[in-house]
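One letter stands for each residue in the lines below.
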Amino acid sequence: MLIATVSILGGVVLLSIGADRFVLGAAAMARNLAISPLVIGLTIVGFGTSAPELLVATVATLQGKTEIAVGNALGSNIANIGLVLGATAMVKVLDVRSETLRREYPLMLLAMALAYVLMGNGTLDRLDGVILFLGFGGAAAWIVHLGRRPRLEEPLVVEFEGALPPRGLSTVNSVFYLLGGLLLLLLSAELVVWGAVQIAEAFGVSELVIGLTIVAVGTSLPELATAIASVLRNEPDIAIGNIIGSNMFNVLPVLGLSALIQPTVLSNEVLTRDFPVMIAFTLAMGLMARSVRGHPGRINRVKGAVLLLSFCIYQWVLYESIGHAVV
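To keep things clear, this report deals only with the structure shown in the data block. Just so you know, these numbers come straight off a predicted model, no measurement behind them.

What counts as what
- Residues numbered from 1 in each chain as written.
- Predicted model: local features only at pLDDT ≥ 70, side-chain atom pairs only at ≥ 80, totals over all residues.
- Heavy atoms only, no water.
- Helix = DSSP H or I, 4+ residues; strand = E, 2+ residues; numbered from the N terminus.
- Buried < 20%, exposed > 50% of the residue type's maximum accessible area, 1.4 Å probe, protein only.
- Areas by Shrake-Rupley, 256 points an atom, 1.4 Å probe, with all protein chains shown as cover.
- Expected span 1.5 Å × (residues − 1).
- Polar contact = N/O pair within 3.5 Å; in protein donor to acceptor, adjacent residues only side chain to side chain.
- Contact = heavy atoms within 4.5 Å.
- Axes fitted to C-alpha atoms, helices over the stretch in contact; angles between N-to-C directions.
- Parallel < 35°, antiparallel > 145°, perpendicular 65-115°, else oblique.
- Left-handed = near helix turned anticlockwise from the far one by under 90°.
- Patch = residues over 30% accessible without salt bridge, like charges linked within 9 Å, V, L, I, M, F, W, Y side chains within 5 Å.
- Salt bridge = Lys/Arg side-chain N within 4 Å of Asp/Glu carboxyl O.
- Phe/Tyr/Trp six-rings, centres within 6.5 Å; stacked < 30°, edge-to-face > 60°.
- Core = buried A, V, L, I, M, F, W, Y, C linked by side-chain atoms within 4.5 Å.

Regarding its fold elements, the chain presents 13 helices and four strands. Put simply, the chain has 327 residues, and 54% of those count as buried. About 13400 Å² of surface is accessible on the chain, with carbon and sulfur atoms providing 69% of the total.

What follows deals with helix α8 (residues 171-203). For α8, with 33 residues, the first-to-last C-alpha span of 48 Å sits near the 48 Å given by 1.5 Å per residue. Backbone geometry just downstream of α8 places Gly-204 in the positive-phi region, at approximately 70 degrees.

The next thing to look at is the side chain of Ser-220. Relative to the helices and strands, Ser-220 is located in the loop between α9 (207-219) and α10 (221-232). The exposure class of Ser-220 is buried, given its relative accessible area of 1%. In this structure the side chain of Ser-220 is engaged in a polar contact, spanning 3.0 Å, whose partner is the backbone oxygen of Ala-216. Once residues lying within four places of it in the same chain are set aside, the contact partners of Ser-220 are Glu-53, Ser-76, Ala-79, Asn-80 and Val-84.

Residues that lie three or four places apart on an α-helix share one face, since the helix turns once every 3.6 residues. With 12 residues, helix α3 (residues 51-62) ought to run about 16 Å at 1.5 Å a step, and its terminal C-alpha atoms sit 16 Å apart, in line with that. Here α3 lies mainly inside the structure; 10 of its 12 residues are buried. If you check which residues of α3 are buried, you get Ala-51, Pro-52, Glu-53, Leu-55, Val-56, Ala-57, Thr-58, Val-59, Ala-60 and Thr-61. Two residues or fewer after α3 comes Gly-64, characterised by a positive phi angle close to 80 degrees.

Two elements in contact, helix α4 (residues 66-91) and α10, have axes whose closest approach is 9 Å; the angle formed by their N-to-C orientations is 25 degrees. Relative to α10, the element α4 lies roughly parallel. Judged by the sense of rotation from one axis to the other, the crossing of α4 with α10 is right-handed. Here Asn-80, Val-84, Ala-87, Thr-88 and Val-91 of α4 come into contact with α10, specifically with Glu-223, Leu-224, Ala-227, Ile-228, Val-231 and Leu-232.

Taken together, Leu-127, Val-130, Phe-133, Leu-134 and Leu-260 make up a surface patch of nonpolar side chains, about 440 Å² in accessible area. Summarising the element assignment, Leu-134 is placed in helix α6 (residues 126-148).

Turning our attention to the pattern of salt bridges. If you walk through the whole model with that rule in mind, you get three salt bridges. Linking Asp-274 and Arg-273 is a salt bridge whose minimum nitrogen-to-oxygen distance equals 2.7 Å. Per residue, the accessibility class of Asp-274 equals that of Arg-273, and both read buried.

What follows deals with the packing of aromatic side chains. If you walk through the whole model with that rule in mind, you get three aromatic pairs. Aromatic side chains Phe-136 and Phe-249 sit 5.6 Å apart centroid to centroid with 90 degrees between the ring planes, which places their arrangement in the edge-to-face category. Of this pair, Phe-136 sits in helix α6 while Phe-249 sits in helix α11 (residues 236-261); the two residues are 113 residues apart in sequence, bridging distant segments of the chain. Residue class for Phe-249 comes out buried when judged on its relative accessible area of 9%.

Counting 58 residues, the largest nonpolar core has Leu-85 and Met-119 as its most contacted members. Top element by residues in this core is α4. It accounts for 12 residues. Ignoring anything within four residues of it in the chain, the contact list for Leu-85 reads Asn-80, Leu-94, Ile-240, Ile-243, Met-285, Ile-299 and Leu-307. Counting 23 residues, the second-largest nonpolar core is a separate cluster that includes Val-12, Ala-60, Ile-68 and Val-205.

Attention now goes to the environment of Met-285. Its location among the elements puts Met-285 in helix α12 (residues 268-289). Note on Met-285: relative accessible area 2%, which makes it buried. Residues Met-285 and Gly-82 lie 203 residues apart in sequence; the distance between their C-alpha atoms is 8.9 Å. Residues within four places of Met-285 in sequence aside, it is in contact with Ile-81, Leu-85, Met-108, Ile-240, Ile-243 and Ile-244.

Mapped onto the elements of the fold, Ser-188 is located in helix α8. Non-local contacts of Ser-188, meaning those with residues more than four positions away in its chain, are made with Gly-11, Leu-14 and Leu-15.

Attention now goes to the environment of Val-93. Note on placement: Val-93 falls in the loop between α4 and β1 (94-96). A residue is classified by how much of its surface remains accessible, and Val-93, at 23% relative accessible area, is partly exposed. Along the primary structure Val-93 and Asn-300 are separated by 207 residues, whereas in three dimensions their C-alpha atoms are 4.6 Å apart. When near neighbours in sequence (up to four residues on either side) are disregarded, Val-93 contacts Arg-298, Ile-299, Asn-300 and Arg-301.

Spelled out as structure tokens, the structure:
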């Protein structure tokens, strides 16, 4: 048990480091290719912080642990809003000013609706995986379209320009960071999945619950680090945009790749408990961040506390569902 716990904790730390190096290399390479800061930020930075979820889902599915993959994808989305956004708002109030984010948010809802429709029959098969990947391609193309035609006053343009890697990072070094980060992600994903399986077997806990709790929170740490760093630099739109991009990535290519590798029969709780909770958190985020009478949307500390408390209640519900077992 101690070894399994150390494996998860060590894997989570390495996941965060690997994701950071991976995003750094990819963003620097894109910058050297003269891709606009807004496009890089909305795609590579937003989606890149979900690399841990993608690698964990891939490793878990290849090992036949599909419930860990599904639980990780949904649980990470819940953690991104309840834990990451809630904790970030507690650190500093978030003023949401970006018009781009208001156009991206409905796209995230559409992605979740597509995933729910495909999962409605209780399975995720390879055709569903193809559809989810096509949806991701369409979403990415739309985001790039938005990024290529930003308004001059678009706050994200300035924020991403300041947040990107320095221009002095060569393409060779970018490739080194990119490949090194990917290898580290693969290794750490193996550690996390192995440790999660061991704990699930030791306590008789379902792999779905392990994916929704320990694994989901662990793979959301890159988003948490990025969000807090962004608000401390007075870049709140990056923090929000990163969560939106990450959540779209989790319900499209992460679930899609899992379905392509191995079709999955879903637990009833996925559709009756976890997916509705994810939608509820997503709608709450939209209501909290909406602008009112021309004023920017604001997620203050009270709203952040509500999100954090709601996340804790959800974790308690999961705890209760396994008969007070320690997860």
